[in-house]
Amino acid sequence: CLKKKIKDIRYSKNKYIYIFDLEGNGLSHYKDELIGINRLNVKSSDGRYLIKDIIDFAKENKEGYFEYTATFNPNTHLKTNKKISFLKLFEEWNWVIGSGFYLDNLNKDLENRKMILKKSNKTAVKNVIMISSLITVIFILISFYISKLLTIRFKQYKVEIKKEINKK
């Protein structure tokens, strides 16, 4: 059955697809105990009728992103978490299909990436400083060498000029 196949879809860690009909009955969910249960009157911790709000949003917008307080997070096992889901209304079947992510998970991922970028930037800055210092030292050595060559040339030129002056 299609609902069973959708129920078994998992992507990443603990991410799933859920389906409710327009009456609020759970048709597919990772938690078996929610399938076949009407959750239209279930309230979230902030007092909103969660499934009713999801269905109303889908009816009004047909599809889109919806932010709400979820009643459970399988990653943290906390009772309430901010969540953003993408919802799509399938009118011909009277289904609302959704899948989302928890903002605390997103914030953790962003913080981890931020730390990785900071480390990467520090390494890059160190490398640029080291390479710049090395190039600077090389140019200083080259300039000393050229300076030495010019000094020798000028001395030779000076000697030649004195010879010419003495001749005349």
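Our subject is the structure listed above.
Each value, and the rule that gives it
Starting afresh in each chain, residues are numbered from 1 along the sequence in its written order. In view of the model being predicted, local features appear only for residues whose pLDDT reaches at least 70, and side-chain atom pairs are presented and counted only at 80 or more, with totals across whole chains, interfaces and linings using the full set of residues. As a rule here, side-chain values come from all non-hydrogen atoms in the structure, and water together with hydrogens is ignored. Per the convention used, a helix needs a DSSP run of H or I reaching at least four residues, while a strand needs a run of E reaching at least two, with both numbered from the N terminus. Three labels apply to residues, based on accessible area from a 1.4 Å probe with only protein chains included: buried if under 20% of the type maximum, exposed if over 50%, partly exposed otherwise in between. In protein, a polar contact requires one atom able to donate a hydrogen and another able to accept it; more generally it is a pair of N or O atoms within 3.5 Å, and residues adjacent in sequence count only if both atoms are side-chain atoms. Here the expected length of a helix is defined as 1.5 Å per residue gap, with one fewer gap than residues. For this quantity, the arc is that covered by the directions from the helix axis to the C-beta atoms. Here, residues are in contact when the closest pair of their heavy atoms is within 4.5 Å. Only strands joined by at least two bridges in the DSSP assignment are considered to pair. Think of each axis as a best-fit line through the C-alpha atoms, taken over the contacting stretch in the case of a helix, with angles from 0 to 180 degrees between the N-to-C directions.

(A) Representation of the side chain of serine 44 within the structure. Mapping serine 44 onto the fold places it in the loop between β4 (26-28) and α2 (50-61). Judged by relative accessible area, which is 7%, serine 44 ranks as buried. Only 2.2 Å separates the side chain of serine 44 from the side chain of aspartate 46, close enough to count as a polar contact.

(B) Representation of α2 in the model. Counted at 1.5 Å a residue, the expected span for α2 with its twelve residues is 16 Å, and the 16 Å between its end C-alpha atoms agrees. Within α2 the residues assigned to the buried category are Leu50, Ile51, Ile54, Ile55, Phe57 and Ala58. Down the axis of α2, the buried side of the element spans an arc of 160°, and every buried residue falls inside it. For α2, the elements touching its buried residues are β3 (18-21), β5 (63-70), β6 (81-90) and β7 (95-102). Of the residues trailing α2, lysine 62 is marked for its positive phi of about 70°.

(C) Up close: the sheet that holds β3. Spatially, five strands are ordered β4-β3-β7-β6-β5 in an open sheet, and the strand pairing comes out antiparallel. Both edges of this open sheet fall to β4 and β5, since each of them pairs with a single strand only. Sheet twist, expressed as the average angle between the axes of neighbouring strands with direction ignored, equals 35°. With eight bridges joining them, β5 and β6 adopt antiparallel strand pairing. In the sheet register, alanine 70 faces β6, and the bridge partner there is asparagine 81. The sheet contacts of α2 involve β3, β5, β6 and β7, and relative to β5 the element is tilted by about 165°. Against the sheet, helix α3 (residues 103-167) engages β5, β6 and β7, with an angle of about 40° to β7.

(D) A look at the side chain of serine 85. Secondary-structure assignment places serine 85 in strand β6. Using a relative accessible area of 0% as the deciding quantity, one classes serine 85 as buried. A distance of 2.8 Å separates the side chain of serine 85 from the side chain of tyrosine 18, its partner in a polar contact. In this view, serine 85 contacts Tyr18, Gly64, Tyr65, Phe66, Tyr68, Ser99 and Gly100; residues no more than four positions away in its chain are not counted.

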